[in-house]
Amino acid sequence: MAGDRTARAFVGRRTELDRLRHLLRGAGGSAGTGTVLIAGEAGIGKSRLISEFTAAAVAAAGPAGRLHVLSGACINLGVGVPYAPLVDAIRRLVRAHGDDYVTKYGGPAYTELTKLIAGLPGGGPATGAAAEPVSQMRVFGAVLRMLDHLGANGPTILVFEDLHWADPSTLDLVSYLVQYRTDERVLFVFSYRPGREIEGSRLMALLAETTFSARVEHIRLPAFTETELGELLGASVAEELEPAVVRQYHRLTGGNAFFAEELIVDGRLTDPSAGQLPHSLEHLLHSRLHPLGEDARNVVDADAVAGQPVGYDLLATVCELRPRVLDNALRVCDDRQILQLDPQRLTYDFRHALLRQVVLDDLGPGHLRELHTLLAEALTADPSLATEGNPAATLAHHWFEARRWPQALRAALAAAAEAERSQAFRVAQSHYERVLDRLWQLVPDAAAVAGTTEDRLLASAAEAARWAGDLDKALQLLRRAIDGVDAGERPVRAGELHERLGRYLWEQGDNEASVVAYRRADTLLPLEPPSAAKARVLAALATVQLQSGHYRDGLAAARTAVGHARKAGARAEEGRALNAVGVALTLLDEPDQGIPDLLSAVAIAKEVSQLEDLHRAYGNLTVALEHAGRLAESAAVALDELDRCEAAGLQTKSTRVLANNVSTTLVMVGRWDEAESLLTGAIRDRPVRETRYPRLTLAEIHVARGRFGRAAELLRDLRADAGTDPRFLSPLACCLIELALWQREHDAAAEAVDRWIDLLKGTEHVLSLLRFLASALRAAADVPRSEGRQRHQEALAGRLAALEPLLDRARPAEPGSEVDVLSAQCRAELDRARSAATAGQWERVAAGWARLERPYHRAYALWRAAEAAVRTGPKETVTRWAGDANGLARELSAKPLMRAVEELAGAAGVELDPVRMAETSDAPPQPAIPQQRRPAVPWGLTGREMEVLELLTAGETNRKIARRLGIAERTVAVHVGSILRKADVENRQMAAMAAQRLQLFADS
């Protein structure tokens, strides 16, 4: 009875329990999802605190309330069981409430998870080979959406215990959930043992990440004080103990709750004849195990070696006990409180992990190996004996520990394949590496046993590492595979491996090495018979030509790749080649011809489920639409696809390219806040090499808005690795020139012109050339005339002599196209450098940009028109053009251009329209008149921004605001960012306080 009283007693931990309750109440509020990490040594009471908290939360919700608790534990089992605590948590929820309940409240994402992760009720991934492995992010996204759906229907608690035993995929999932929080009422609770248990582990690396640690609440459980231990001991005997007795037990146990409870269970507290007190917990547990009879000890040993909860039938098989004997043995284990029955799962497990560890430490190596063998043989003969999911991982562990190497090899490969089907690529990689580093050398004729060659095994391991995001490891493994293949004897296999090497290197951003690998593959792979690998190489080399600026050669190569793919019946490769054809036509200023090929590439990628190809095709389609002047359509296509990717939890290099492409379009049409939000997310926690384009686009926004320091910081890294692609070099050069000019560093601007002109003058991409020329000619025209007339004239003449022929080379374009308007602007800048530009010339340029819906470019041209009109035009014209330019610049918060226009207006003696300036000003308004219901719209907010601000002030999250207003959550984030910028405040709370101070929504 003492044990029963102890089990019911909950002592101390009030501060920690109150903190958990507070976090649950706050989950889904303005702070977003709550996350707490509970750390403490073995036996300190982590599980007891969590169970008390979840039980109290369920009780508080009441029978009419709805609170979801998903609680699972990690398993200490060799390489690891993919997503073990998630599978455990969902299986428990299904057992407690039924599959219909979880399907209803988990939403479509739960159904999707049952198809993605092995071991979940009612499904499991298909065993057939997919066209392409599903990104692990799809699993993560489905988990987050399921929790989101649960949280929308009631407070939800997700518990993962014992993260110190977590498999790599579970830790990746934890990192993702903490970073990409849901706005719903979800609280994450994770527990682990600190100290030597996790030294050098992936968990320690995760805990050291500042981006992770800053997002979680840390609770470190201390040992019980003397007073708390006295309460625990007193509850076991229903009386108050003498202080000396409590002090003695506190000194012995160190305040460890489990040690104290074991002393109680053992009768040391209540039985004076129990003998000398044990000197340690281990000594006590050993003393508990020794009196067990042979049958009970066999059961305990088998359960310990199993490493996870064990079913009755498996225990009967391994221990070879008749039902009556086994029942009696289990009853003894229960009476001694060593094993406990889970009535829902009908499994037996240790009451505490420390008990299992003591049993394992007590087993001799021969007995240990024998038990692993018996477990492996039983599970192999009857897989239904496995009570937990992922039987392949369990078998791989037991065969390996049994030192039965051939069986361990086959089981490890089966476990790797199962992990891949569950998108647990880090776990798959670990199984492959165990095979390669250990088992391959231990098994005679390993290739025959495995049914594969070493190079193919290395390639599989490399692919698992690649999908796990470890490209360095993938390249290391793939190079080992290449080294093991004699290209003279097996040229096709060597060519296939070099083609894959080219892909990995491209993903890593090492374009030069990628090209070398692709060219080697091209040499090794024959044209006949046609093959998918050869088609991939031809398409890749066509892309190389395009990236080098050789568009006509690239177009010819891409069309050859299309033909080869069709002969080979390689549908996916045909789509890749058509993608390259569409890009080539776009870069040759024939986007209307390229768009159909890109649409075909999109359709094929969907047909064959090639996600990377699909995102790449969408990215290029948005560029083609932008080149064709269909900016709104380009942005809509890209944003729709990004929303689908976000909903599916997909993040790849190609989705980041797509985000950058749409951001570039949004910048052109003046939707800078939206673009900045996208770009900031795209580069967060990503290396420079993988995010060159989005960093450059973000730098362009910073330059135009006058954030010169932030722009320079981004550009510093980009200059060091600029590459040779004119589509990157041109905007990089322009950004550097504009940065220098707005800071009036004319020598730096001239240096940038001189540095990049040789790299760009030979490009076939007319738009890239003209965009560079527009900035270069502006730099030439902006040089102050006071800096020594003769030196100025000589430098200007030399620079114009180099630039003007490039402008003459630009072929005639369709009237009204971007090429046409840019050519006109370049001519105007050239005339301005020669002091010959006219106001009418710049007005026509401004009208061209207006037709193309480019507000920033239009504002710049209007500024120049007003500048030219100061000399020749009437004052009213100067006022109108300067006012329009200033209004457009203010709407964009383009502060350098605003200041330039205002300086021109001051020098010309004209006044800018004060009404328009007030409407677009981002300066805070004067205090409201008390008698008004609410003051006039402040800070230049739009109507939609006022609606968002009202809901924000009421404490609503972005997700809830999106639902209330019927708009995308991404759009809400953009509006919030715009509100903070216009109100000149740092965060949501300050914006809400400002709105309350102004009584904006007092009556709403």
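Residues numbered from 1 in each chain as written. Predicted model: local features only at pLDDT ≥ 70, side-chain atom pairs only at ≥ 80, totals over all residues. Heavy atoms only, no water.

### Quick word on the overall build of the protein chain
In terms of regular secondary structure, the protein chain is built from 50 helices and 8 strands. For the protein chain, the proportion of its 1004 residues judged to be buried stands at 55%. Counting only contacts in the protein chain whose residues sit at least 6 apart along the sequence, the fraction spanning at least 24 positions is 68%. Surface summary for the protein chain: the accessible area is close to 42300 Å², and the carbon and sulfur share equals 50%. (Helix = DSSP H or I, 4+ residues; strand = E, 2+ residues; numbered from the N terminus. Buried < 20%, exposed > 50% of the residue type's maximum accessible area, 1.4 Å probe, protein only. Contact = heavy atoms within 4.5 Å. Areas by Shrake-Rupley, 256 points an atom, 1.4 Å probe, with all protein chains shown as cover.)

### Some points on empty space enclosed by the protein
With the rule as written, the count across this model stands at 5 cavities of 30 Å³ or more. Put simply, the largest cavity is a space of about 100 Å³. Within the residue set of the lining of the largest cavity, elements represented by two or more residues are strand 6 (310–311), helix 18 (365–381) and helix 19 (391–401). Looking at side-chain class alone, the lining of the largest cavity contains 8 nonpolar, 5 polar and 1 charged residues. Taken as a whole, the second largest cavity spans an internal volume of roughly 50 Å³. Lining of the second largest cavity is provided by Val583, Thr586, Leu587, Asn620, Val623 and Arg727. Taken together, the elements giving at least two residues each to the lining of the second largest cavity come down to helix 29 (571–587) and helix 31 (611–627). In terms of residue count, helix 29 provides more of the lining of the second largest cavity than any other element does, 3 residues in total. Residue composition of the lining of the second largest cavity, grouped by class: 3 nonpolar, 2 polar and 1 charged. (1 Å grid on protein atoms, 1.4 Å probe; cavity = no way out; pocket = protein on both sides within 12 Å on 5 of 7 lines; lining within 4 Å. Points joined across faces, edges and corners; volume = space filled by probe spheres on them. Nonpolar A, V, L, I, M, F, W, Y, C, P; charged D, E, K, R; others polar.)

### A closer look at the sheet that holds strand 8 (residues 347–350)
Read from one edge of the open sheet, 3 strands run 6-8-7, paired in antiparallel fashion. The outermost strands of the open sheet, each flanked by one partner alone, are strand 6 and strand 7 (339–342). Both strand 7 and strand 8 contribute to a ladder of 4 bridges, which runs antiparallel. Opposite Leu339, over in strand 8, you have Phe350 as the bridge partner. (Pairing = 2+ DSSP bridges.)

### Description of the state of the cysteines
Per the stated rule, a full pass over the model turns up 0 disulfides. With no disulfide of its own, Cys735 lies 8.6 Å from the sulfur of Cys734, the closest cysteine sulfur. (Disulfide = S-S within 2.5 Å.)

### Some points on the side chain of Asp782
Within the secondary structure, Asp782 is located in helix 39 (residues 766–782). Overall, the relative accessible area of 16% leaves Asp782 in the buried class.

### Quick notes on the environment of Glu843
Structurally, the position occupied by Glu843 is in helix 42 (residues 839–851). Spatially, the C-alpha atoms of Glu843 and Arg864 are 8.4 Å apart, while their sequence positions differ by 21 residues. The contact partners of Glu843, leaving out residues within four places of it in the chain, are Ala865 and Trp881.

### Some details on the sheet that holds strand 3 (residues 156–161)
Strand order in the open sheet formed by 5 strands is 2-3-4-1-5, with parallel pairing between adjacent strands. The open sheet terminates on both sides in strands that have one partner only, identified here as strand 2 (68–73) and strand 5 (217–220). Each strand axis lies, on average, 15° off the axis of its neighbour in the sheet, ignoring direction. Contacts from helix 2 (residues 14–26) reach strand 1 (34–39), strand 3, strand 4 (186–192) and strand 5, with the element oriented near 160° to strand 5. Across the sheet, helix 4 (residues 84–97) is in contact with strand 2 and strand 3; its angle to strand 2 comes to roughly 135°. (Axes fitted to C-alpha atoms, helices over the stretch in contact; angles between N-to-C directions.)

### Quick notes on the confidence of the model for the protein chain
Model confidence for the protein chain is summarised by a mean pLDDT of 83, while 88% of its residues fall at 70 or above. In this model, residues 1–7 is a region of pLDDT below 50 whose contacts with residues beyond four sequence positions or in other chains number 13 contacts. Per-residue pLDDT stays below 50 along residues 126–131; that stretch engages in 6 contacts with residues further than four places along the chain or on separate chains. (pLDDT = per-residue confidence, 0-100.)

### Observations concerning the pairing of strand 1
Among the 6 residues in strand 1, 6 count as buried, and that is most of the element. By the alternation rule, side chains of strand 1 split into Gly34, Val36 and Ile38 and Thr35, Leu37 and Ala39, which are all buried. Bridge count for strand 1 against strand 4 is 6 bridges, and the pairing is parallel. The partner of Val36 across the bridge, within strand 4, is Val189.

### Focus: helix 11 (residues 243–253)
Listed as buried for helix 11 are Val246, Tyr249, His250 and Thr253. Looking straight down helix 11, one finds its buried side chains confined to an arc of 105°; they lie on one side. For helix 11, the exposed residues set more than 90 degrees away from the buried face come down to Ala244 and Arg251. One or two positions beyond helix 11, positive phi appears at Gly254, with a value near 65°. (Arc of directions from axis to C-beta.)

### Focus: unusual backbone geometry
In this model, Glu528 is joined to Pro529 through a cis peptide bond whose omega is -5°. As for its placement among the helices and strands, Pro529 is situated in the loop between helix 26 (511–524) and helix 27 (532–547). Here the phi dihedral of Asp589 falls at roughly 60°; this positive angle occurs in a residue that is not glycine. For Asp589, the location among the structural elements is in the loop between helix 29 and helix 30 (591–607). Judged by its relative accessible area of 24%, Asp589 is partly exposed.

### A look at the packing of aromatic side chains
The final tally for this structure, using the stated rule, is 11 aromatic pairs. Ring centres of Tyr860 and Trp863 lie 5.6 Å apart, and the angle between their planes is 75°; this geometry places the pair in the edge-to-face category. Here Tyr860 and its partner Trp863 are both found in helix 43 (residues 855–872), 3 residues apart, which amounts to about one turn of the helix. Given a relative accessible area of 9%, Trp863 falls into the buried group. It is Arg692 that lies over the ring of Phe728; its NZ or CZ is 4.1 Å from the centre. (Phe/Tyr/Trp six-rings, centres within 6.5 Å; stacked < 30°, edge-to-face > 60°. Lys NZ or Arg CZ within 6 Å of the ring centre and 35° of its normal.)

### Some points on the pattern of salt bridges
For the structure on display, the rule yields 44 salt bridges. Residues Asp301 and Arg297 are paired through a salt bridge, measuring 2.8 Å at the closest nitrogen-oxygen approach. Placement of the pair is Asp301 and Arg297 together in helix 14 (residues 294–306), with a separation of 4 residues, close to one helical turn. Overall, the relative accessible area of 4% leaves Asp301 in the buried class. Residues joined by salt bridges that share partners form a network here, namely Glu738, Arg778, Asp782, Glu829, Arg832, Arg864 and Glu867. (Salt bridge = Lys/Arg side-chain N within 4 Å of Asp/Glu carboxyl O.)

### As for the packing of helix 37 (residues 726–742) against helix 38 (residues 746–760)
Running from N to C, helix 37 and helix 38 point in directions that differ by 170°, and their axes come no closer than 8 Å. The orientation of helix 37 relative to helix 38 falls into the category roughly antiparallel. Considering only the axes of helix 37 and helix 38, their crossing is left-handed. Contacts between helix 37 and helix 38 involve Pro726, Leu729, Ser730, Leu732, Ala733, Leu736, Ile737, Ala740 and Leu741 from the first element and His746, Ala748, Ala749, Ala752, Val753, Trp756, Leu759 and Leu760 from the second. Partitioning the contact of helix 37 with helix 38 into residue classes produces 15 nonpolar, 2 polar and no charged. (Parallel < 35°, antiparallel > 145°, perpendicular 65-115°, else oblique. Left-handed = near helix turned anticlockwise from the far one by under 90°.)

### Details of the environment of Trp467
By the secondary structure assignment, Trp467 is in helix 23 (residues 454–467). The buried category is assigned to Trp467, whose relative accessible area is 13%. Spatially, the C-alpha atom of Trp467 lies 9.9 Å from that of Met137, the residues being 330 residues apart in sequence.

### Remarks on helix 43
Between its terminal C-alpha atoms helix 43 stretches 25 Å, which fits the 26 Å expected from 18 residues at 1.5 Å a residue. Those residues of helix 43 lying buried are Pro855, Tyr856, Ala859, Tyr860, Ala861, Leu862, Trp863, Arg864, Ala865, Ala866, Ala868 and Ala869. (Expected span 1.5 Å × (residues − 1).)

### Points about the packing of helix 19 against helix 21 (residues 425–442)
Across the interface, helix 19 lies against helix 21 with an axial gap of 12 Å and an inter-helix angle of 20°. Considering the angle they form, helix 19 stands roughly parallel to helix 21. Relative to helix 21, the crossing made by helix 19 is left-handed. When helix 19 is examined against helix 21, the residues Ala393, Ala396 and Phe400 are found in contact with a partner set consisting of His431, Arg434, Arg438 and Leu439.

### Things to note about the environment of Val878
Mapped onto the secondary structure, Val878 falls in helix 44 (residues 875–892). Separated by 39 residues in sequence, Val878 and Ala839 have C-alpha atoms that sit 9.5 Å apart. For Val878, the residues in contact, after removing those within four places along its chain, are Ala866, Ala869, Val870, Ala908 and Val910.

### Examining the pairing of strand 3
The buried fraction of strand 3 is high, at 6 of 6 residues. Of the pairings in the sheet, the one linking strand 2 to strand 3 comprises 6 bridges and is parallel in character. Across the sheet, residue Ser71 finds its bridge partner in strand 3, namely Val159.

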